[in-house]
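The lines below spell out each chain.
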Amino acid sequence: MNTPSPQLIVAGAMPATRPLFWSVRRELWENRSLYIAPLSVAALALFGFLLALIKRPKDEGLAPINPSFQPTALAMPYSHAAMLLVLTAFIVVIFYCLDALYGERRDRSILFWKSLPVSDLTTVLAKAGVPLAILPLTVFAITVAVQLTMLLLSVAALLMRGGGVATLWSHLPLFQLQAVLLYSLAVITLWYAPIYGWLLLISAWARRTTFLWAVLPPLAISLVELIAFHTAHFGLLLKERFIGFAPKAFALRMPDGSFIDPHFIPITQITPGRFLGSPGLWIGLVFAAACLAAAVRLRQYREPI
Amino acid sequence: MNVVEARGLRKSFGKTVALDGVDMRVEEGRILGLIGPNGAGKSTALHAILGLIPYQGELKVLGRDPWSERDQLMRDVCFIADVAVLPRWLRVSQALDFVAGVHPRFVREKAEAFLARTTIKRASKVRELSKGMVTQLHLALVMAIDAKLLVLDEPTLGLDLLYRKQFYDSLLNEYFDSTRTIVVTTHQVEEVQHVLTDVMFINRGRIVLDCSMEACEARFHEVMVHPEQVSAARALKPMNERQLFGRSVLLFDAVDRQQLAPLGEVRTPSIADLFVALMGEASNTNNVAPKGAAL
């Protein structure tokens, strides 16, 4: 019955990344909301866009009212769909992170996962990979698919009404939109990494009510600071962490001095050098790494609840 | 080589001492039953062996330190805890895929062959399976792994008799051989006693008895004493006395069989009787009622 030799060869040949790959797949099996939620939102966005196309009066074509304004107006529904998807992904990821290392303790399945030759580091990395890589890429792919479908629908509608396709084609900055979206997703993901790290740490540590443990302590610190010292440094720090990436990753003023319209950010306005050079990014990443290291350690110690 | 070797193993949770200086040694090819009342420290001992909890004292499993080398150790060790452990959202096919993906010693065909003899469907989720089927699935996964040590923590808890019998039959007939070692805890002592090669009683974190089944048979005798011989039998200092059908049954530790034969019918006590005698004794001397049901 025991023929260990062929398996021993396999054992030697098994690459170290395989447990990581399967651990990530396990996360996708367990958390189907990671792709079902964005897909549902995508379907809703397409449905809304279709309704708008049908409702649009015939005579309102794509005649240039204001040539300089047109790309933004044309891009509006496309970037709305993208913003909606990014927001959905952010909400999904918050709940994912809070449950990632908590759920397996609550349902005792951690005993099963730990009975397999997968290290705590691999498991935590797989779980961190979801907010840091899997979901941003999923959202990008879904958004691109949605935008291309919207484009096809517009072209079909325009063809049926006879006209405007060339205008749409030449004025809709779709590829620029998508390039800026990819850049923005990378920026947001890196900037929010400490938030994800914090949530994963709480999910590895808390015995119950992970959401409260994640949210209340930062709020309490801000409040105590405000009452005791009449200052709001910590609160400002939090605010900076949530929205502070924008002025670093983008030049917020157009060359003509006006503010950029978030519906259509020209690719010329991105400032990756300034973003990568900002201390806030690197401090955040160090904090995220520390949280993940602590989560790995906690997973080793923590038992089923 | 000893598969498990522990010296002075200690573990406490707050003020509760779960393991109070446990020494144990399990050799290759043995089936050790770790038996004790609820809260005696059985699961704690197993969890320490599996690297699931930190501990004090010395512990080596297959020559490794389980706490710091858990993931390496799990290539050679399998674990089935009670049935609630497989995640409820997991599909049977996903369970096979995952274990095949991460375990270098998993032979998928073996697991498939075992599952083919059950009514478990590949597309089912664990939550859709009965308790017995979940255990069958877990057993199918574990038996397909060419491991050196199998740790079973109440593996048949909550299962009906048929599943329980099947579980141990499969393990013995298809899995166990001289290169494998099994450590099992269970409350259903009667069902495993014919399977075990060694037995260890644990109570309040201490080992009360540690011997092989052969040694147990040589050491302990139970005598259904003839009524007229009762006082003579009592003089030999039995460790336990109980009444059965109006006759006294006395349990002796290390009293020669020849000496006991004239007193009544001598036989080898069951593990359960031995357990009650030893644990009863332990709780009397400590003057504390045993926690929960003993068996």
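Parameters and conventions
- Residues numbered from 1 in each chain as written.
- Chains lettered and ligands numbered in written order.
- Predicted model: local features only at pLDDT ≥ 70, side-chain atom pairs only at ≥ 80, totals over all residues.
- Heavy atoms only, no water.
- Helix = DSSP H or I, 4+ residues; strand = E, 2+ residues; numbered from the N terminus.
- Expected span 1.5 Å × (residues − 1).
- Bend = angle between axes of the 7 residues up to and from the residue.
- Buried < 20%, exposed > 50% of the residue type's maximum accessible area, 1.4 Å probe, protein only.
- Phe/Tyr/Trp six-rings, centres within 6.5 Å; stacked < 30°, edge-to-face > 60°.
- Lys NZ or Arg CZ within 6 Å of the ring centre and 35° of its normal.
- Pairing = 2+ DSSP bridges.
- Axes fitted to C-alpha atoms, helices over the stretch in contact; angles between N-to-C directions.
- Contact = heavy atoms within 4.5 Å.
- Buried area = accessible area lost by both parts, 1.4 Å probe.
- Salt bridge = Lys/Arg side-chain N within 4 Å of Asp/Glu carboxyl O.
- Nonpolar A, V, L, I, M, F, W, Y, C, P; charged D, E, K, R; others polar.

Enquirer: Can you walk me through helix α7 (residues 120–161) of chain A in this structure?
Expert: Owing to its 3.6 residues per turn, the α-helix aligns residues three or four sequence positions apart on the same side. Residues and elements named next belong to chain A. Between the first and last C-alpha of α7 there are 60 Å, a value that for 42 residues agrees with the 62 Å anticipated at 1.5 Å per step. The sharpest bend along α7 measures roughly 50° and falls at Gly 129, with the proline Pro 131 sitting one to four residues further on. Immediately downstream of α7, the backbone of Gly 162 shows phi near 75°, a positive value.

Enquirer: Looking at this structure, I do not really get helix α3 (residues 33–55) of chain A. What am I missing?
Expert: For α3(A), built from 23 residues, the straight-helix expectation of 33 Å at 1.5 Å per residue is met to within 8% by its first-to-last C-alpha distance of 32 Å. Buried within α3(A) we find Leu34(A), Pro38(A), Val41(A), Ala42(A), Ala45(A), Phe49(A) and Leu53(A).

Enquirer: Mind showing me how you'd approach the packing of aromatic side chains here?
Expert: The geometry of an aromatic ring pair comes down to the distance between the two centres and the angle between the two planes. Applying the stated rule across the entire model yields 17 aromatic pairs over all chains. The rings of Phe90(A), Tyr192(A), Tyr196(A), Phe242(A) and Phe245(A) are connected pair by pair, giving a single aromatic cluster. Here the guanidinium or amino end of Arg180(B) rests over the ring plane of Tyr175(B), the centre of that ring lying 4.2 Å away.

Enquirer: Please explain the sheet that holds strand β13 (residues 264–267) of chain B as it appears in this structure.
Expert: Either a parallel or an antiparallel arrangement is found when strands of a sheet pair, and the pairing is made through backbone hydrogen bonds. Residues and elements named next belong to chain B. The strand order across the open sheet built from four strands is β11-β12-β10-β13, with neighbouring strands paired in antiparallel fashion. One side of each edge strand has no neighbouring strand; the edge strands of this open sheet are β11 (240–244) and β13. Averaged over all adjacent pairs, the angle separating strand axes in this sheet is 25°, with direction ignored. Both β11 and strand β12 (residues 247–253) contribute to a ladder of five bridges, which runs antiparallel. Counted as the bridge partner of Asn 240 is Leu 251 from β12.

Enquirer: When you look at the interface of chain B and chain A in this model, what are you seeing that I'm missing?
Expert: By a frequent convention, interface size equals the accessible area lost on bringing the separate parts together. Taken together, the contact pairs 42 residues of chain B with 33 residues of chain A. Summed over the three residues of chain B that lose the most area to chain A, namely Arg70(B), Trp89(B) and Phe98(B), the buried surface amounts to 20% of that side. Counting across the chain B and chain A interface gives one salt bridge. The partner of Arg70(B) in a salt bridge is Asp120(A), and the shortest N-O contact between them spans 3.2 Å. Elements that contribute at least two residues to the side of chain B that touches chain A include exactly α2 (70–73), β5 (77–80), α3 (92–102), α5 (131–143) and α6 (161–175) of chain B. Here the side of chain B that touches chain A gets seven residues from one element, more than from any other, and that element is α3(B). Tallied by class, the residues present in the side of chain B that touches chain A amount to 23 nonpolar, seven polar and 12 charged.

Enquirer: I keep staring at unusual backbone geometry and nothing clicks. Help me out?
Expert: Note on backbone geometry: most residues besides glycine have negative phi, and most peptide bonds are trans. Phi is positive for His230(A), which is not a glycine, with a value near 55°. Mapping His230(A) onto the fold places it in the loop between α10 (210–229) and α11 (233–243).

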